[in-house]
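# Coordinate analysis (summary)
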Amino acid sequence: MVNLTINGKQVAVEKDATIYDAAKACGIKIPILCHDKKLHPFGGCRMCLVEVEQMKGRLIPACTTPVTEGMIVQTTTDEIVKARKLVLELLLLKHPIDCPVCDAAGDCDLQNLTYEYKVNMNRFVDEKFNHEIDYENPLIERDMNRCIHCGKCARICDEIVSYGAYTFINRGIEAKMGTEFDGPLNCEFCGSCVSVCPVGALNSRPFKFKARWWALQKTKSVCSYCGTGCQLTLGTKDGKVLTTIYDENQGFHNGQLCTRGRFGYQFVNSDKRLTAPLIRKNGKLQEATWEEALAEVTSRLAAGKSDPASVAALATPRLTNEELFLFGKLFRGTVGTDNIDHSAGYAHEALTKGAVASFGVAASPAEIADVQKSNLLLVVKSDAYETHPVIGFEINLGVKRKGIALRIVSDKKGKLTRLPGAKTTVHAPGNEVALFNALCKSVIDQGLAVEGVAGLDALKAAVADATAEKAGVSAEEIAAIAKEFASAEKALIILPIGQGYPGHNAALANAAANLAILTGQVGKEGAGLLIMGEKNNSQGAVDMGIYPKGTGLNAAAIIDGCANGNVKTLFVAGENPVVSYPNRAKVEKALENVEFMVVSDLFLTETAALADVVLPACSFAEKSGTFTSLGRRVQNVRKAIPAIGLAKSDFEILNAISQALGGARYNNQGEVFTEIAASVPAYKGLTQAGLKDEGAVYPVALAAKLVPAAAKAAAPAAGKLALVTGSALYHCGTMSRFGEGPMYVCPDAYAELNVADAAALKVEEGDQVTVTSGTGAVQVVAKVGKRVPQGVVFSPYHFGEGSVNTITDGAEVTYVSVAKK
Ligand code: SF4
Ligand code: SF4
Ligand code: SF4
Ligand code: FES
């Protein structure tokens, strides 16, 4: 520790602290403009000038000056105040001072400091900037006339987002924060630069002229897209979510969000929201009252109680824990059916079967904090960045700032593969289990396996003939990864799961877990296996038991049951199987065939359009409860606006049905959480109040065991391309289609081809192509690049038009032909 004195106060801080950090630690405020705790120090604005006695009273920047023992610092002498006023005068000299029409007014550091330092006149005169304002995209407005050259946008885009969209261009008075060739901004639109801009130079366009900062009501909640569980603050007014507000102290991610969290909130107030119940009459869905709709649903479920096997229920893992718990209790308990599932099974079997077999718990042994504590990250699929972008930020930071080694095994390249020092092993689609088996074999052959692990003999026998060749990669690569992983002090495997990744199943979870267990990389921080659930409450859905536990039907069997008439009543809470389950034609036919289907959802989705009763449900912004993110963190979700139209939360819907059927009745969702804490062992002792703002990571007691995983022999089809599905960076499931941000950045389904394949097929970027499999054909836009290897075509699964599930049937890899339309 280092001891120093600031304004007469004694303070002791870590030796790598700056004067700014030390002042903050003892409650002394030093004004800043270019400094940000997340970013490398810049020292550009000089707003933080302080005086250090040992430096002969010179004024120095507090944000870049390290503390030294015995330092005596003054932060508010007359000379300092004079210097800061001068800084502000110079910054205001060319600034337009158009606060009346600037969206940042009230939340602008320049405005606030000008006010605080009473800079009500300027001794200097100069022409104002006359930069053209960038209105090219609908998400971020760039007005460089207001820019104060703090460099924060460039630093965050480079250091955390790893995109590098900005750089200073020109010199001296002509200097400007610019983009490539000074053109319009074209990037991944995460909005991180907007969040850190201290003035109104970078603005959120969807929020422009919607409300003054101080008029917004601010509610802390959790993003409802992916499983990362980023915390966010909703800015609301007059019953509408108008923006997400940046709070640098929120969450492990310091308030950073991806484009879905930052700009995807508009689905809440979409004019496509369902606002009243609908009942099918004479073949058409028509508006009805809640009483009519619920009477129809409850009478049908009451009849189903006498034949529970004929009732099935599918839920989205976007519901809160309380809603999912109630869902399970209603259908398992009151109705008596075990035909319950979510996410087509793809977003949970790695946990419910894989992790249970390997670790004895249906959860990841690792948590998010382990990413930056690791020495080596082994990421399965470059898509980990696309599926969970803010985990991608953590990986970026770990690799670039802490020098964490990054190894990627993937069927295509991606953003992660471009990080400094990253080594990517590209394998043939569907070979993941074979690859992990080969890694385990190599660990054993190199004498790197820890002895005495449960299941070692069985694993040795199972991987005896696992070769690099079978995994489709070189023996050298397998040997090198195995050695590096086993030799690293702390090595962590990152495995995304979800509906786009049917191959990321129980077997792959076992195969990956085997490598971690075999090398002793389990049970210590910064190591192990992080299974990343796709949706905001994927882990919670598992914890609440939303999957068949006994002889019940899983999602695929439920669809079959609808088709063959064994399932007569289907309750769908928020799922959209028509677009997200494999084999769209088969799903549609099955859902048209089922006698009675009720769907609760925010929108009249492709699935809801086939229902007999549609119940308008509330979004996350209209209800309270909890979500459990990947890495086992349970967090509070807070109601920010009243329900849209006549929508009800799924808690209210399920509670009403349960009560009508003679089941439990709860006065509020908090009572359900109390019951969860009493009946779900992992949640024991938790309370919603006790979760506070930061949430709580529930503990797991691991019983690690090696579990042989059978690799399926990939059988490439001659003359066909291997179709791999997955997530586009800007989407999550099918809900992001209703968010303005994701839809601007990625509006349509597409098929991504390698340049060589595209050339052979005479396909160019932007062409319409027909992709045909044994299941069907779909027409989408072609993308051409080097990200996917030759022989592979990638297509994301989020879209209703040109939906990729038209041509997939649940296989890990589908072989297709592609032709220009
Ligand atoms: S929106 Fe994100 S990717 Fe785009 S420039 Fe800003 S920080 Fe970079
Ligand atoms: S645009 Fe904003 S964040 Fe970027 S340099 Fe200018 S003032 Fe700073
Ligand atoms: S979508 Fe995921 S990564 Fe993006 S802000 Fe939401 S929780 Fe975070
Ligand atoms: S905040 Fe220290 S120089 Fe800008």
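Residues numbered from 1 in each chain as written. Chains lettered and ligands numbered in written order. Predicted model: local features only at pLDDT ≥ 70, side-chain atom pairs only at ≥ 80, totals over all residues. Heavy atoms only, no water.

The name given to the protein chain in an unreviewed UniProt entry is Molybdopterin-dependent oxidoreductase, with Geomonas oryzisoli as the source organism.

### Concerning the overall build of the protein chain
Cut-off, in case you're wondering: The way it works is that DSSP assigns letters per residue, a run of H or I at least four long becomes a helix, a run of E at least two long becomes a strand, and they are numbered from the N terminus. Each radius of gyration is computed over the set of C-alpha atoms, and the globule rule expresses the reference value as 2.2 Å times the number of residues to the power 0.38. Here a residue-residue contact requires only that any non-hydrogen atoms of the pair lie within 4.5 Å. Only the protein chains shown count as cover for residues, and the accessible areas themselves come from Shrake-Rupley with a 1.4 Å probe. When charges are tallied, Lys and Arg are placed among the positive residues and Asp and Glu among the negative ones, while His and the ends of the chain are skipped. A charge is said to be at NZ when it belongs to Lys, at CZ for Arg, at CG for Asp and at CD for Glu.
When its secondary structure is counted, the protein chain shows 25 helices and 33 strands. Relative to the compact-globule value of 28 Å for 821 residues, the protein chain shows a C-alpha radius of gyration of 28 Å, a close match. Summarising its shape, the C-alpha atoms of the protein chain cover approximately 85 × 70 × 60 Å along the three principal directions. Intrachain contacts of the protein chain at a sequence separation of at least 6 include 74% that bridge at least 24 residues. Only carbon and sulfur atoms are counted for the fraction: they give 52% of the accessible area of the protein chain, which is about 30800 Å². If the 85 positive side-chain charges of the protein chain are averaged to one point and the 86 negative ones to another, these points end up 2 Å apart.

### A look at helix 21 (residues 650-660)
Residues that lie three or four places apart on an α-helix share one face, since the helix turns once every 3.6 residues. Which entries qualify depends on this criterion: Exposure classes here rest on a 1.4 Å probe applied to the protein chains alone. A residue is buried below 20% of its type maximum, exposed above 50%, and partly exposed in between.
Every buried residue of helix 21 is accounted for by D650, F651, I653, L654, N655, I657 and S658. Lining the buried residues of helix 21 we find helix 7 (290-304), helix 8 (321-335), strand 22 (569-573), strand 23 (596-601), strand 24 (613-616) and helix 22 (669-679).

### Some remarks on the sheet that holds strand 17 (residues 376-380)
Just so we agree on the cut-off: Pairing between two strands requires that DSSP report at least two bridges joining them. Angles run from 0 to 180 degrees between N-to-C directions of axes, and those axes are lines fitted to C-alpha atoms, restricted for helices to the stretch in contact.
Strand order in the open sheet made by the 5 strands is 19-18-17-20-21, with parallel pairing throughout. Of all the strands in the sheet, the pair left with one neighbour each is strand 19 (423-426) and strand 21 (528-532). Within the sheet, the average angular offset between the axes of one strand and its neighbour, ignoring direction, is 15 degrees. Bridge count for strand 17 against strand 20 (residues 491-496) is 4 bridges, and the pairing is parallel. Bridging from a neighbouring strand, V379 pairs with I494 of strand 20.

### A short note on the UniProt feature "domain: 4Fe-4S Mo/W bis-MGD-type" (unreviewed entry) in the protein chain
What counts, and what does not: UniProt positions are given in the numbering used here, feature names are shortened, and annotations may be inferred rather than shown by experiment.
Mapped onto the present numbering, the UniProt feature "domain: 4Fe-4S Mo/W bis-MGD-type" (unreviewed entry) falls on residues 216-272. Secondary structure across residues 216-272 divides into 9% helix and 33% strand, with the first and last C-alpha atoms of the span separated by 24 Å.

### Quick word on the site of ligand 3
Selection rule: Note on terminology: near, applied to a residue and a molecule or strand, indicates that one of the residue's heavy atoms is within 4 Å of it. Three residue categories are used. Nonpolar comprises Ala, Val, Leu, Ile, Met, Phe, Trp, Tyr, Cys and Pro, charged comprises Asp, Glu, Lys and Arg, and polar comprises the others, including Gly.
As a matter of local geometry, ligand 3 sits amid C223, Y225, C226, T228, G229, C230, L257, C258, R260, G261, P389 and V390. Those elements that place two or more of their residues in the shell around ligand 3 are helix 6 (259-263) and helix 11 (389-402). Tallied by class, the residues present in the shell around ligand 3 amount to 8 nonpolar, 3 polar and 1 charged.

### Regarding the nonpolar core
Here is the rule we go by: Take the buried residues of types Ala, Val, Leu, Ile, Met, Phe, Trp, Tyr and Cys, join any two whose side-chain atoms come within 4.5 Å, and each joined set is a nonpolar core.
Formed by 121 residues in total, the largest nonpolar core has its most connected members in Y166, F267, I395, L406, I494, F620 and V771. The leading source of residues in this core is helix 11, at 6 residues. What L406 contacts, discounting residues up to four positions off in sequence, is L377, V379, I395, V399, L416, L419, G421, A422 and K423. With 51 residues, the next largest nonpolar core counts A350, F436, L508 and A513 among its residues.

### Looking at the UniProt feature "domain: 4Fe-4S His(Cys)3-ligated-type" (unreviewed entry) in the protein chain
Residues annotated by UniProt as "domain: 4Fe-4S His(Cys)3-ligated-type" (unreviewed entry) correspond here to residues 79-118. From the first C-alpha to the last, residues 79-118 spans 15 Å; its make-up is 57% helix and 0% strand.

### Some thoughts on unusual backbone geometry
Within the chain, F189 stands out as a residue other than glycine whose phi angle is a positive 55 degrees. Considering the arrangement of structural elements, one finds F189 in the loop between strand 8 (176-178) and helix 5 (192-196). F189 gets classed as buried once you look at its relative accessible area, which sits at 2%. We note that K692 has phi near 50 degrees; this positive angle belongs to a residue other than glycine. Along the chain, K692 falls in the loop between helix 23 (688-691) and strand 27 (696-697).

### Points about the site of ligand 2
Near ligand 2 you find 13 residues, and of these C147, C150, G151, C153 and C197 are the closest. Of the residues in the shell around ligand 2, the class split is 11 nonpolar, 2 polar and no charged.

### Thoughts on the packing of aromatic side chains
Inclusion rule: The aromatic pairing rule takes the rings of Phe, Tyr and Trp, using the six-membered ring of Trp, and pairs them if the centres are within 6.5 Å, calling planes under 30 degrees apart stacked, those over 60 edge-to-face and the rest tilted. Throughout this description, the term charge over a ring refers to an Arg CZ or Lys NZ atom that lies within 6 Å of the ring centre and within 35 degrees of the ring normal.
Inspection of every chain in the model, using the stated rule, returns 11 aromatic pairs. Summarising the aromatic geometry, the rings of F327 and F331 are spaced 5.0 Å apart at their centres and angled 55 degrees between planes, so their arrangement reads as tilted. You can see F327 and its partner F331 sitting in helix 8, 4 residues apart, about one turn around the helix. When its relative accessible area of 0% is taken as the criterion, F331 is described as buried. Between Y385 and F393, the ring centres sit 6.4 Å apart and the planes meet at 55 degrees, which makes this aromatic pair tilted. For the pair Y385 and F393, one class covers both residues: buried. An aromatic cluster is built from Y225, F267 and F620, whose rings are joined through pairwise contacts. The side chain of K549 reaches across the aromatic face of Y547, ending 5.6 Å from its centre. One cation-aromatic arrangement involves K648 over W290; the distance from NZ or CZ to the ring centre is 5.2 Å.

### As for the side chain of E622
What counts here: Polar contacts here mean pairs of N or O atoms no more than 3.5 Å apart (in protein, one a potential hydrogen donor and the other a potential acceptor; neighbouring residues in sequence count only if both atoms are side-chain atoms).
Assignment of secondary structure puts E622 in the loop between strand 24 and strand 25 (625-629). Taking the relative accessible area as the measure of exposure, E622 reaches 3% and is therefore buried. A polar contact is formed between the side chain of E622 and the side chain of R273, at a distance of 2.8 Å. Excluding residues within four positions of it along the chain, E622 makes contact with V268, R273, K639, I641, P642, A643, I644 and A647.

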